[in-house]
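Notes for the structure review
Okay, here's what each chain looks like letter by letter:
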Amino acid sequence: MSSLLFYNVENNKNKEKPLNDQVTLMPEEAEDMWHTYNLLQIGDSLMASTIRKVQTESSTGSVGSSRVRTTLCLCVDTIDFDSQACQLRVKGTNIQENQYVKMGAYHTIELELNRKFTLAKKIWDSVVLDRIEQACDPTQKADVAAVVMQEGLANLVLVTPAMTLLRAKVEVTIPRKRRGSCTQHEKALDRFYEAVMQGILRHINFDVVKCILVASPGFVKDQFMSYLFREAVRQDSKILLENRPKFMLVHSSSGHKYSLKEILCDPAVTARLSDTKAAGEVKALEDFYKMLKHEPDRAFYGLAHVEKASEALAIDILLISDKLFRHQDVATRSRYVRLVDNVRDNGGTVRIFSSLHVSGERKFCSFHIQ
């Protein structure tokens, strides 16, 4: 949902805000329907364009029917999500006057791609606001980055499921090597590599990005990687040194952005990038099970135990399924939201698992005690 058309909710992270503010969003890809499903709750107000079958009576008394497109505002009663087709249907009662639909009449809206909808809630909690921020910020989806380069030219790109975002373009004139002296050539290369390194540090969020592809024809990529980590050691750049395993060298025919297509088609790259979004979550879950096996006094599961640990400020990492935040009972859902907020407020890490992924299917609530 990279198009955020209108956003009234205040951009601060209060725990629960009893506001009647609204957001207007436009889903642009199938994954956006999943985000929308996680935003909707029973009792919300949803306004969207829909098709309604209406009956008409002519002057002669004959009755006919036709299908008309109209905009309805529903009080959400039922939410149905088809995970295979990524289709979302919302049933509810009409709460605004309409020439085709009476007040209180039931209707089902099927949300469509590239058609905006407006969502209003009585309470906007931190989990919902985080979901909106994640859905509308393309950089939150970009868990793959690529540096496509050749001598004197580099394109730094973030790769999302729907698009590629050019974050920086580096161009430096590289003099040719001269007989008996390569000094100017080498100095220009160092300036070029330094500019690319600064671009990586400035534009890549290492907490989100799982893999960084460095591609070039010839040995440019190898020379750059040698420079990058030589400088990282010299400058004691912990962020580069700690994330060294995320870098992958790939061949490309040029340093232009269009070479990214051939890079992503490389079988080795395809294997490395398979399900990169879930890779970190799967590892976190496996780490939990290992801790549960070898250090059972530091790892627990079950809501009651987790809440007690939260009260004792003992949670380091909380693992929780997004399915819990779709609970129809407001009090129960608020209980999970409070747990997440408390862990974050006390310096802990929260990982919210998708229930559509294998890691989320196995998850209820678990944590590591500090």
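Predicted, not measured: the structure shown is a model, and the values here were computed from it. (Residues numbered from 1 in each chain as written. Predicted model: local features only at pLDDT ≥ 70, side-chain atom pairs only at ≥ 80, totals over all residues. Heavy atoms only, no water.)

Okay, the overall build of the protein next. A count of helical and extended segments in the protein gives 12 helices and 18 strands. Across the 370 residues of the protein, 46% fall into the buried class. Put simply, of all contacts in the protein between residues at least 6 apart along the chain, 66% involve residues at least 24 apart. Carbon and sulfur atoms make up 49% of the accessible area of the protein, which totals about 19,600 Å². (Helix = DSSP H or I, 4+ residues; strand = E, 2+ residues; numbered from the N terminus. Buried < 20%, exposed > 50% of the residue type's maximum accessible area, 1.4 Å probe, protein only. Contact = heavy atoms within 4.5 Å. Areas by Shrake-Rupley, 256 points an atom, 1.4 Å probe, with all protein chains shown as cover.)

On to the nonpolar core. Core analysis: the biggest nonpolar cluster contains 32 residues, and Met 149, Phe 192, Val 196, Ile 200 and Phe 247 have the highest contact counts within it. For this core, the secondary structure elements donating two or more residues are strand E10 (144–150), strand E11 (153–159), strand E12 (164–171), helix H4 (183–203), strand E13 (211–216) and helix H5 (220–235). The contact partners of Ile 200, leaving out residues within four places of it in the chain, are Val 147, Leu 156, Phe 206, Phe 224 and Phe 247. Phe 117, Trp 124, Val 128 and Leu 129 belong to the second largest nonpolar core, which has 25 residues in total. (Core = buried A, V, L, I, M, F, W, Y, C linked by side-chain atoms within 4.5 Å.)

Strands sit in the order E12-E11-E10-E13-E14 across an open sheet of five strands; the sheet is mixed. Either end of the sheet is taken by a strand with one partner, and the two such strands are E12 and strand E14 (247–251). Here the strands of the sheet are splayed against their neighbours by 20° on average, with no regard to which way each runs. As defined by bridge partners, E10 adjoins E11 across seven bridges and the pair is classed as antiparallel. Its bridge partner being in E11, Met 149 is matched across the sheet by Ala 154. Sheet strands in contact with H5 are E10, E13 and E14, and its direction is about 160° off that of E14. (Pairing = 2+ DSSP bridges. Axes fitted to C-alpha atoms, helices over the stretch in contact; angles between N-to-C directions.)

Evaluation of the coordinates by the stated rule reveals 12 salt bridges. A salt bridge links Asp 44 to Lys 121, with the shortest nitrogen-to-oxygen separation between them at 2.6 Å. Taken together, the positions of Asp 44 in the loop between helix H1 (30–39) and strand E4 (45–57) and Lys 121 in the loop between strand E8 (117–120) and strand E9 (124–125) put the pair 77 residues apart, joining distant regions of the chain. With respect to burial, Asp 44 and Lys 121 carry one shared label: buried. Here Asp 222 and Lys 221 are joined by a salt bridge, their closest N and O atoms 3.8 Å apart. Owing to a relative accessible area of 10%, Lys 221 belongs among the buried residues under this scheme. (Salt bridge = Lys/Arg side-chain N within 4 Å of Asp/Glu carboxyl O.)

This paragraph deals with the packing of aromatic side chains. Applying the stated criterion to the full structure yields eight aromatic pairs. Ring geometry for Phe 192 versus Tyr 193: centroids 5.7 Å apart, planes at 40°, classification tilted. Accessibility classification places Phe 192 together with Tyr 193 in one group, the buried group. With 5.4 Å between their ring centres and 90° between their planes, Phe 229 and Phe 247 make a pair best called edge-to-face. (Phe/Tyr/Trp six-rings, centres within 6.5 Å; stacked < 30°, edge-to-face > 60°.)

The next subject is the pairing of E4. Of the pairings in the sheet, the one linking E4 to strand E5 (residues 63–82) comprises 13 bridges and is antiparallel in character. Each residue of the ladder has a partner; that of Met 47, found in E5, is Cys 73. Both E4 and E8 contribute to a ladder of four bridges, which runs antiparallel. Along E8, the bridge assignment pairs Met 47 with Thr 118.

Moving on, we come to helix H11 (residues 330–345). Under the 1.5 Å per step criterion, the end-to-end length of H11 is 22 Å for 16 residues, consistent within 8% with the ideal 22 Å. Of all the residues in H11, the buried ones are Arg 333, Ser 334, Tyr 336, Val 337, Leu 339, Val 340, Asp 341 and Val 343. Positive phi appears at Gly 347, one or two residues downstream of H11, with a value of about 85°. (Expected span 1.5 Å × (residues − 1).)

Quick look at helix H2 (residues 126–136) now. Burial of H2 is extensive: eight of the 11 residues sit out of reach of the surface. What H2 keeps buried is the set Ser 126, Val 127, Val 128, Leu 129, Arg 131, Ile 132, Ala 135 and Cys 136. Structurally, the start of H2 carries an N-cap: the backbone nitrogen of Val 127 is 3.1 Å from a side-chain oxygen of Asp 125. (Polar contact = N/O pair within 3.5 Å; in protein donor to acceptor, adjacent residues only side chain to side chain.)

Our focus in this paragraph is the packing of H2 against H11. A packed helix pair is summarised by two numbers, namely the angle formed by the two axes and the spacing between the axes. It is the contact of H2 with H11, at a shortest axis distance of 9 Å, that shows an interaxial angle of 75°. Taken together, the axes of H2 and H11 lie roughly perpendicular to each other. Contacts between H2 and H11 involve Ser 126, Val 127, Val 128 and Asp 130 on the former and, on the latter, Arg 333, Val 337, Asp 341 and Arg 344. Considered class by class, the residues forming the contact of H2 with H11 number three nonpolar, one polar and four charged. (Parallel < 35°, antiparallel > 145°, perpendicular 65-115°, else oblique. Nonpolar A, V, L, I, M, F, W, Y, C, P; charged D, E, K, R; others polar.)

This next bit is on the confidence of the model for the protein. Confidence in the prediction of the protein, expressed as mean pLDDT, is 84, and 85% of residues score 70 or more. Mean pLDDT per element in the protein: strand E1 (residues 3–7) is the minimum at 42, and H5 is the maximum at 96. When the criterion is pLDDT under 50, residues 2–19 qualifies, and its contacts beyond four places in sequence or with other chains add up to 56 contacts. (pLDDT = per-residue confidence, 0-100.)

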